[in-house]
Number of protein chains: 2
Amino acid sequence: MARTPPTKPRKNALQARSRATVDALVEATARILVKEGFEKTSTNRIAEIAGVSVGSLYQYFPSKEALVAAVIDRHNEEIMGLVRAALAEVADLPIEKAVQKLVTVAIEAHRINPKLHRVLAEQIPRTGQLADVEAFNREVHALVRAYLESRRKEMRKIDPGLATFICVSAIEAVAHNTVLNEAEVLSEKTVRTLVEETTRMVVGYLR
Amino acid sequence: MARTPPTKPRKNALQARSRATVDALVEATARILVKEGFEKTSTNRIAEIAGVSVGSLYQYFPSKEALVAAVIDRHNEEIMGLVRAALAEVADLPIEKAVQKLVTVAIEAHRINPKLHRVLAEQIPRTGQLADVEAFNREVHALVRAYLESRRKEMRKIDPGLATFICVSAIEAVAHNTVLNEAEVLSEKTVRTLVEETTRMVVGYLR
DNA sequence: CTATAATGCGAGCGATCACTCGCTTTTTCT
DNA sequence: AGAAAAAGCGAGTGATCGCTCGCATTATAG
């Protein structure tokens with residue numbers, strides 16, 4: 001009895017050039033999403049732009065959804081990198097400084113790739129595996145909550161979960177709307193004012 | 001020369017039962033969106049659920065997009081009804097009371113039809129005419145800004161446009177995330193706490 | 001060098017879907 | 001009652017798209 005069927009079922013297994021293929025596919029997907037929008041992003045087109053055949057595409061990604069999910073994941077990991085670093089850096093700082101840093105990072109994170117961010121926010125139907133952006137959100141909440149709990153003395157009496165929810169919602173919304181509305185051009189001055197004001201609101205709320 | 005070509009080109013013209021047809025189509029679209037999601041929402045299915053033929057559908061709606069846009073519009077008009085009423089009611093009230101009312105209304109507005117709201121937010125690609133949710137947003141900003149300007153004396157020195165942007169972003173985000181995360185069950189107590197806290201944050205920020 | 005596995009290819013299948021067209025039924029007008 | 005306009009119908013069309021399959025090419029192992 002032959003143990004291994006001649007063809008491995010699907011997906012993983014990357015040894016040398018296949019890595020490049022996978023990268024090219026994810027990169028091509030991101031580019032098409034940004035340049036042509038979600039509707040024009042077909043698997044055939046992705047393969048074409050990646051300089052790869054559709055067959056190869058399906059060797060590594062079981063579905064179109066999986067490809068888009070990979071793009072989302074890559075982008076979210078970049079953002080989470082900034083956020084994790086900021087929260088580590090801020091752990092020993094008082095609330096005022098910490099919030100200022102976090103607001104700054106929130107805006108920076110949204111500016112990593114604004115066009116992609118916009119497409120992901122506005123054009124990708126959050127369905128099936130694409131719904132899992134939530135995991136990142138939970139991590140952010142957990143990290144912020146841990147910080148707030150460690151600084152309880154500087155704050156008024158307040159439920160940490162609730163405070164986290166309100167602060168994260170507010171900061172995220174300001175950053176998100178800023179980047180989506182002002183399009184690409186955001187003067188340093190504007191950003192500074194925005195950070196100041198948002199920080200003021202959040203800090204005022206916490207104590 | 002025949003003036004009127006025998007068949008009117010498309011779209012409007014409603015005299016009696018055709019009104020019911022149009023309503024049934026919009027209603028069916030909303031129901032399918034909620035029950036089966038955007039992906040399953042095809043024009044054939046809409047016509048079927050509305051108890052109408054595809055042909056009739058295309059007499060009144062030039063495209064599938066137009067149908068979804070009608071659903072969005074209807075929902076937004078309901079929301080704007082609440083918001084406009086609240087802002088009128090609040091015009092002569094001091095900031096504290098006004099903000100409290102506005103936060104309450106923001107949550108109420110998101111709870112008009114939470115399931116539909118979720119689908120519209122998460123599954124509808126904002127593309128083409130669907131991108132025009134922005135008009136409602138602008139109206140909200142204009143209304144809030146007008147209120148804030150009329151109450152300048154109670155506030156610290158602050159740019160009205162910026163203040164409006166931050167306050168509306170924060171309030172909207174809290175309401176949005178509340179309704180989307182807590183799913184359907186929201187105790188009165190939770191809502192009251194949330195309103196109190198958000199109000200505190202915004203009022204504290206404004207003065 | 002040869003055998004075997006890994007990777008790559010792309011024509012084309014099957015299914016879906018938005019939308020049209022020729023026709024029937026209902027309503028309105030005179 | 002008769003004519004004409006309005007409303008309604010639904011099988012069918014053309015196009016797209018996700019995905020498969022049989023085969024070719026390249027890399028690795030013995």
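Residues numbered from 1 in each chain as written. Chains lettered and ligands numbered in written order. Predicted model: local features only at pLDDT ≥ 70, side-chain atom pairs only at ≥ 80, totals over all residues. Heavy atoms only, no water.

Surveying the vicinity of DNA strand D reveals 25 residues, the closest of which are A:Thr43, A:Tyr58, B:Thr21, B:Ser56 and B:Tyr60. Taking A:Thr43, its main chain carries an N or O atom lying 2.8 Å from a phosphate oxygen of DNA strand D. Between a phosphate oxygen of DNA strand D and a side-chain N or O atom of B:Thr21, the distance comes to 2.5 Å. Contributions of two or more residues to the surface near DNA strand D are made by helix 2 (43–50) and helix 3 (54–60) of chain A together with helix 1 (17–36) and helix 3 (54–60) of chain B. For the surface near DNA strand D, the per-class residue count stands at 7 nonpolar, 13 polar and 5 charged. (Near = heavy atom within 4 Å. Polar contact = N/O pair within 3.5 Å; in protein donor to acceptor, adjacent residues only side chain to side chain. Helix = DSSP H or I, 4+ residues; strand = E, 2+ residues; numbered from the N terminus. Nonpolar A, V, L, I, M, F, W, Y, C, P; charged D, E, K, R; others polar.)

The next point concerns the environment of A:Ser53. Residue and element names in this part refer to chain A. Mapped onto the elements of the fold, Ser53 is located in the loop between helix 2 and helix 3. The partly exposed category is assigned to Ser53, whose relative accessible area is 40%. Distance from Ser53 to Thr21, taken between C-alpha atoms, is 9.9 Å for residues 32 residues apart in sequence. (Buried < 20%, exposed > 50% of the residue type's maximum accessible area, 1.4 Å probe, protein only.)

Residues and elements named next belong to chain A. Taken residue by residue, helix 2 has Thr43, Ile46, Ala47 and Ala50 as its buried positions. In a view along the axis of helix 2, the buried residues occupy a sector of 95°, so they form one face of it. Contacts made by the buried residues of helix 2 are with helix 1 (17–36), helix 3 and helix 4 (64–90). Gly51, located one to two residues past helix 2, shows a positive phi value of around 70°. (Arc of directions from axis to C-beta. Contact = heavy atoms within 4.5 Å.)

Here we come to the protein's contact with DNA strand C. Surveying the vicinity of DNA strand C reveals 25 residues, the closest of which are A:Thr21, A:Gly55, A:Ser56, A:Tyr60 and B:Thr43. Restricting attention to atoms of DNA strand C within 4 Å of the protein, one finds that 73% of them are sugar or phosphate atoms. A:Thr21 has a polar side-chain atom sitting 2.5 Å from a phosphate oxygen of DNA strand C. For the surface near DNA strand C, the elements supplying multiple residues, two or more each, are helix 1 and helix 3 of chain A together with helix 2 (43–50) and helix 3 of chain B. No other element matches the 5 residues that helix 3 of chain A contributes to the surface near DNA strand C. Within the surface near DNA strand C, the residues separate by chemical class into 7 nonpolar, 13 polar and 5 charged.

Residues and elements named next belong to chain B. Between helix 8 (residues 160–181) and helix 9 (residues 188–206), whose axes approach to 11 Å, the crossing angle comes to 170°. As judged from the angle between their axes, helix 8 and helix 9 are roughly antiparallel. Listed contacts from helix 9 to Ala163, Ile166, Cys167, Ala170, Ile171, Val174 and Thr178 of helix 8 are Leu194, Thr198, Met201, Val202, Tyr205 and Leu206. Class assignment for the residues of the contact of helix 8 with helix 9 results in 11 nonpolar, 2 polar and no charged. (Axes fitted to C-alpha atoms, helices over the stretch in contact; angles between N-to-C directions. Parallel < 35°, antiparallel > 145°, perpendicular 65-115°, else oblique.)

To continue, consider the relation of the copies chain B and chain A. It takes a turn of 180° to lay chain B on chain A, together with a shift of 0.0 Å along the axis; the resulting RMSD is 0.1 Å. The transformation relating the two chain copies, once decomposed into turn and shift, fits a two-fold axis. For chain B, the residue whose C-alpha comes nearest the rotation axis is B:Ala170, separated from it by 2.2 Å. Interface residue correspondence from chain B to chain A reaches 96%, placing this contact among same-surface, isologous pairings. (Least-squares fit on C-alpha atoms with pLDDT ≥ 70 in both.)

What follows covers the domain arrangement of chain A. Residue and element names in this part refer to chain A. Structurally, chain A comprises domain 1 (9–62) and domain 2 (68–206). The C-alpha-based centres of domain 1 and domain 2 are spaced at 30 Å. Taken together, the contact pairs 9 residues of domain 1 with 11 residues of domain 2. Summed over both sides, the interface between domain 1 and domain 2 buries roughly 890 Å², with carbon and sulfur atoms accounting for 80% of that surface. Of all residues in domain 1, Leu33, Val34 and Phe38 bury the most surface against domain 2, accounting for 56% of the area lost on that side. Along the contact surface separating domain 1 from domain 2 lie 1 salt bridge. Between Glu27 and Arg74 there is a salt bridge whose closest N-O contact spans 3.0 Å. One can count 2 residue pairs in polar contact (both at pLDDT 80 or more) joining domain 1 with domain 2. When its residues are assigned to classes, the side of domain 1 that touches domain 2 shows 6 nonpolar, 2 polar and 1 charged. (Domains from an automatic or database assignment. Buried area = accessible area lost by both parts, 1.4 Å probe. Salt bridge = Lys/Arg side-chain N within 4 Å of Asp/Glu carboxyl O.)

Quick look at the interface of chain B and chain A now. The interface is formed by 28 residues belonging to chain B together with 27 residues belonging to chain A. Here chain B meets chain A over a buried area of about 2500 Å², counting both sides, of which 65% is carbon and sulfur. Three residues stand out in chain B for area buried against chain A, namely B:Phe165, B:Glu197 and B:Met201, and they jointly supply 22% of the buried area on that side. Our enumeration of links across chain B and chain A arrives at 2 salt bridges. B:Glu197 is the salt-bridge partner of A:Arg156, the closest N and O atoms lying 3.1 Å from each other. Our enumeration of links across chain B and chain A arrives at 10 residue pairs in polar contact (both at pLDDT 80 or more). At the level of secondary structure, the elements contributing two or more residues to the side of chain B that touches chain A comprise helix 6 (114–122), helix 8 and helix 9 of chain B. Looking at the side of chain B that touches chain A element by element, the count peaks at 10 residues for helix 8 of chain B. Partitioned by chemical class, the residues of the side of chain B that touches chain A number 13 nonpolar, 8 polar and 7 charged.

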